[in-house]
Amino acid sequence: MTPLSLYLCSLLKKNKLLICYNYLHTHGTPLHLVDRAARKTRLARLLDMNFRAVFRGRVTGKVLAQQSGAKNYREATMCTSSASGQDMTNWLWSIYHETKKQTEALIPVISKNSVNPNTIFANNEMSLHDIEIYGFDYDYTLAFYSRHLHTLIFNIARDILIQEHRYPEGLREYEYIPNFVVRGLHYDVQKALLMKIDAFHYIQLGTVYRGLHPVPDKEVIAMYDGCHVPLENMSDFYGKSSHGHTMKQFMDIFSLPEMNLLCCVNDYFMKHNIDYEPVHLYKDVKAAIGDVHVKGIMYRAVEADMENYISYGEQTHAVLKKLYEDGKKMFLITNSPFDFVDRGMNYIVGKDWRDLFDIVIVQADKPGFFNDRRKPFRRVTDKGVLHWDRIHKLEKGKIYKQGNLYEFLRLTGWRGSKVLYFGDHIYSDLADLTLKHGWRTGAIIPELRKEIKIMNTEQYVHLMTWLQGLTGLIEHMQVHRDPASQSVVQEWIKEREAMRSQTKDIFNSQFGSLFRTYHNPTYFSRRLSRFADIYMASLSCLLNYDFQHTFFPRRTPLQHESPFWPEQTSAGALKMPFIPHRTTTEE
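Bear in mind the structure is a predicted one, so any value in this text is a computation, not a measurement. (Residues numbered from 1 in each chain as written. Predicted model: local features only at pLDDT ≥ 70, side-chain atom pairs only at ≥ 80, totals over all residues. Heavy atoms only, no water.)

What follows concerns the overall build of the chain. Secondary structure summary: the chain contains 17 helices and 24 strands in total. Residue burial in the chain is summarised as follows: out of 587 residues, 55% are buried. Nonlocal contacts in the chain, meaning residues at least 24 apart in sequence, comprise 74% of its contacts between residues at least 6 apart. (Helix = DSSP H or I, 4+ residues; strand = E, 2+ residues; numbered from the N terminus. Buried < 20%, exposed > 50% of the residue type's maximum accessible area, 1.4 Å probe, protein only. Contact = heavy atoms within 4.5 Å.)

Given below as structure tokens:
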């Protein structure tokens, strides 16, 4: 995802420097670009004159030329073989201040072109005109839960550790910490460290936690012999730690209480100087969290207090009704038991919810459902009674348990790109469908709405605008290797690092954005872009589009491609003129 496509780039055409600004206006509408006439700013003309003067070999000249309607600028001495370090320092800082002034002037305009949080974003071109069949997961797809559910899961699992695994009673002093962790983090099982890793397997320094406290960067680098995590240490295809893998990736929203509990128990043991085996701790916490689901404790608690645990504001009923009235086929495949799903759907949609679906499959055991051919379907009654007869047809109005996708495809004939399936778990819900079976996939990312709202704030726009401008300045001015210039550039680098930390903290003070590790995509983002054709904050976003709509992914130029739209361009890719270290004096 590109949260705010705001790029500052330096382009040279026919030896004229243009400072270009590009922003995307996302309301489900086409790309809008800044007026071409506005691209060549006062700074652009100023730098153009500056560079041409240098290449003509002038010892001195006007660094900052007077512009119409602008205040006078002082003459400054250009860098030559006889120029002093102070001259170069003054020149670099004059460029810095003018660049900052020009970028900040854009902020009011950019702020008016915010991203619509109800947009559906495309990783792969897809037309709803081609979709005949819609499939859904249940939890965090059709049903959304309040934070009270995370607190419930944490408390029950914590008590299971104490009562059944004989963990210290002192753990009861720990409560669930909202907003402490984000989805998509990795946990080093053997080192008991929670961290964020980017798309290139690099640890984001400053986001490594042991218990409830950050681990110093130097210690992290020493433990991992750098910041890179080798492929063989990463989690398996479904994010699990198995077969010798030391990393577990937490990909679903239900994992937030599990990460919280791991951190709290680690914190307790360290605080009380208790020697423990991290692998045993991880397995015990995993088992306790599993018991909350498998033993039905969570299901019974939610069923007893629907209003407290289920969020009814996501317009699920309106989406399903719209699809039904347009004649679309619909099916439900969930790991949750029927009684839990039935009560939840009665609350969200109404007692006639089953009339909307052609097929309902519960306790499917995803992701095994998509790969294991051995499990047959079994019919189950409304009272939970299991039938033993062979299933020859999946019928509307009946409930089925377990089964497998291969049998589902044989019985329905619903194959290929005419099927669109929605789920919140990128691995368990979407990966196999897109890789093996050619279904189209839609990821439900509830965190997206909050992150977009943050991106639309003036604070974020201000930070990102100047961060991009400063990064470009550093990239192009780093070629000046004299001590005075390098001292200035180092100051800019320190400012950039401080701003990068600020942008992280805006989203989450411990781990930052779900989608980015500073400038790189997160490992989560990488998997999202690979396994989901489209993604959105909730199913309600579908209400903003008709069934003829085609979703187009944004064409982002590869690093070696010439940008047809103004984009960020690497220094040196174009023939950017730099001030030479030594020039010949011309009278």
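Back to the text.
Turning our attention to the packing of helix α3 (residues 85-111) against helix α15 (residues 458-477). For the pair α3 and α15, interaxial distance at closest approach is 9 Å and the crossing angle is 145°. Two packed elements cross with a definite hand, and for α3 against α15 that hand is right-handed. Contacts between α3 and α15 involve Trp91, Leu92, Ile95, Tyr96, Thr99, Lys100, Thr103, Glu104, Ile107, Ile110 and Ser111 from the first element and Glu458, Val461, His462, Thr465, Trp466, Gly469, Leu470, Leu473 and Met477 from the second. Of the residues that constitute the contact of α3 with α15, the class distribution is 11 nonpolar, 6 polar and 3 charged. (Axes fitted to C-alpha atoms, helices over the stretch in contact; angles between N-to-C directions. Left-handed = near helix turned anticlockwise from the far one by under 90°. Nonpolar A, V, L, I, M, F, W, Y, C, P; charged D, E, K, R; others polar.)

The final tally for this structure, using the stated rule, is 27 salt bridges. Between Arg354 and Asp382 there is a salt bridge, with the nearest N and O atoms lying 3.0 Å from each other. With Arg354 in the loop between α11 (338-348) and β16 (359-362) and Asp382 in the loop between β17 (377-380) and β18 (399-402), the pair connects residues that are 28 residues apart, well separated along the chain. Sharing partners across several salt bridges, the network here consists of Arg158, Asp159, Glu169, Arg172 and Glu175. (Salt bridge = Lys/Arg side-chain N within 4 Å of Asp/Glu carboxyl O.)

Further remarks concern the environment of Leu262. Structurally, the position occupied by Leu262 is in helix α6 (residues 255-271). Take Leu262: its relative accessible area is 1%, and that puts it in the buried class. What Leu262 contacts, discounting residues up to four positions off in sequence, is Tyr187, Phe250, Leu281, Tyr282 and Val285.

In terms of burial, strand β15 (residues 329-333) is largely enclosed, as 4 of its 5 residues are buried. Here strand β7 (residues 133-136) pairs with β15 via 4 bridges, running parallel. If you follow Phe136 over to β15, its bridge partner there is Leu332. Where β15 meets β16, 3 bridges bridge the pair, whose relative direction is parallel. Bridging across to β16, Ile333 finds its partner in Ile361. Of the crossover connections in this fold, the one passing from β15 over α11 to the parallel β16 is right-handed. (Pairing = 2+ DSSP bridges. Right-handed = clockwise from strand over helix to strand, strands pointing away.)

Bringing the environment of Tyr209 into the picture now. By the secondary structure assignment, Tyr209 is in strand β11 (residues 209-210). Residue classification places Tyr209 among the buried residues on the basis of a relative accessible area of 8%. Separated by 16 residues in the primary sequence, Tyr209 and Leu193 have C-alpha atoms spaced 5.6 Å apart. Setting aside residues up to four positions removed in sequence, Tyr209 forms contacts with Phe180, Ala192, Leu193, Leu194, Pro214, Val215, Gln510 and Phe511.

Leave glycine aside and you will find that most residues have negative phi; peptide bonds, for their part, are mostly trans. Along the chain, Lys366 connects to Pro367 via a cis peptide bond; the corresponding omega equals 5°. Positioned with a positive phi, Asp225 is a non-glycine residue whose angle comes to about 55°. Mapping Asp225 onto the fold places it in the loop between α5 (217-224) and β13 (247-249). If you check the backbone angles, Gln402 has positive phi at about 60° while not being a glycine. Examined against the element boundaries, Gln402 turns out to sit in strand β18.

The subject of this paragraph is the packing of aromatic side chains. Enumeration over the complete set of coordinates arrives at 38 aromatic pairs. A centroid spacing of 5.3 Å and a plane angle of 80° characterise the contact between Tyr96 and Trp466, whose relative ring orientation is edge-to-face. Pair noted here: Tyr96 is in helix α3 and Trp466 is in helix α15, with a separation of 370 residues, a long-range link. For the residue pair Tyr96 and Trp466, the accessibility class agrees, reading buried in each case. Through a chain of ring-to-ring contacts, the aromatic side chains of Tyr134, Phe136, Trp353, Phe357, Phe422 and Phe547 assemble into a single cluster. Across the ring face of Phe547, the terminal group of Lys328 is positioned such that the distance to the ring centre comes to 5.4 Å. If you follow Arg373 out to its NZ or CZ, it ends over the ring of Tyr406, 3.7 Å from the centre. (Phe/Tyr/Trp six-rings, centres within 6.5 Å; stacked < 30°, edge-to-face > 60°. Lys NZ or Arg CZ within 6 Å of the ring centre and 35° of its normal.)

Our focus in this paragraph is the pairing of β16. Side chains of β16 alternate between two faces, with Ile359 and Ile361 and Val360 and Val362 buried alike. Of the pairings in the sheet, the one linking β16 to β18 comprises 3 bridges and is parallel in character. Across the sheet, residue Ile361 finds its bridge partner in β18, namely Tyr400.

Before going further, it helps to examine the nonpolar core. Core analysis: the largest hydrophobic core is formed by 89 residues, its most contacted members being Tyr134, Phe136, Tyr138, Tyr145, Leu149, Phe357 and Phe422. Not counting residues up to four positions away in its chain, the partners in contact with Phe136 are Leu142, Leu320, Leu323, Met330, Phe331, Leu332, Ile333, Phe357, Tyr421, Phe422 and Leu539. One finds Ile197, Met234, Phe507 and Ala532 within the second-largest nonpolar core, a separate group that totals 74 residues. (Core = buried A, V, L, I, M, F, W, Y, C linked by side-chain atoms within 4.5 Å.)

Quick look at the side chain of Ser94 now. Looking at where Ser94 falls in the secondary structure, it is placed in helix α3. Residue class for Ser94 comes out buried when judged on its relative accessible area of 18%. A polar contact of 2.6 Å, which involves the side chain of Ser94, links it to the backbone oxygen of Trp91. (Polar contact = N/O pair within 3.5 Å; in protein donor to acceptor, adjacent residues only side chain to side chain.)

In the contact formed by helix α4 (residues 147-164) and helix α8 (residues 297-304), the axes pass within 11 Å of each other and the chain directions differ by 140°. By the angle between their directions, the pair α4 and α8 is classed as oblique. Helix-helix and strand crossings are classified by hand; for α4 and α8 the assignment is right-handed. For the pair α4 and α8, contact is made by Leu149, Leu152, Ile153, Ile156 and Ile160 and by Ile297, Met298, Ala301 and Val302, respectively. Of the residues in the contact of α4 with α8, the class split is 9 nonpolar, no polar and no charged. (Parallel < 35°, antiparallel > 145°, perpendicular 65-115°, else oblique.)

With respect to the helices and strands, Thr316 occurs in helix α10 (residues 316-325). Note on Thr316: relative accessible area 4%, which makes it buried.

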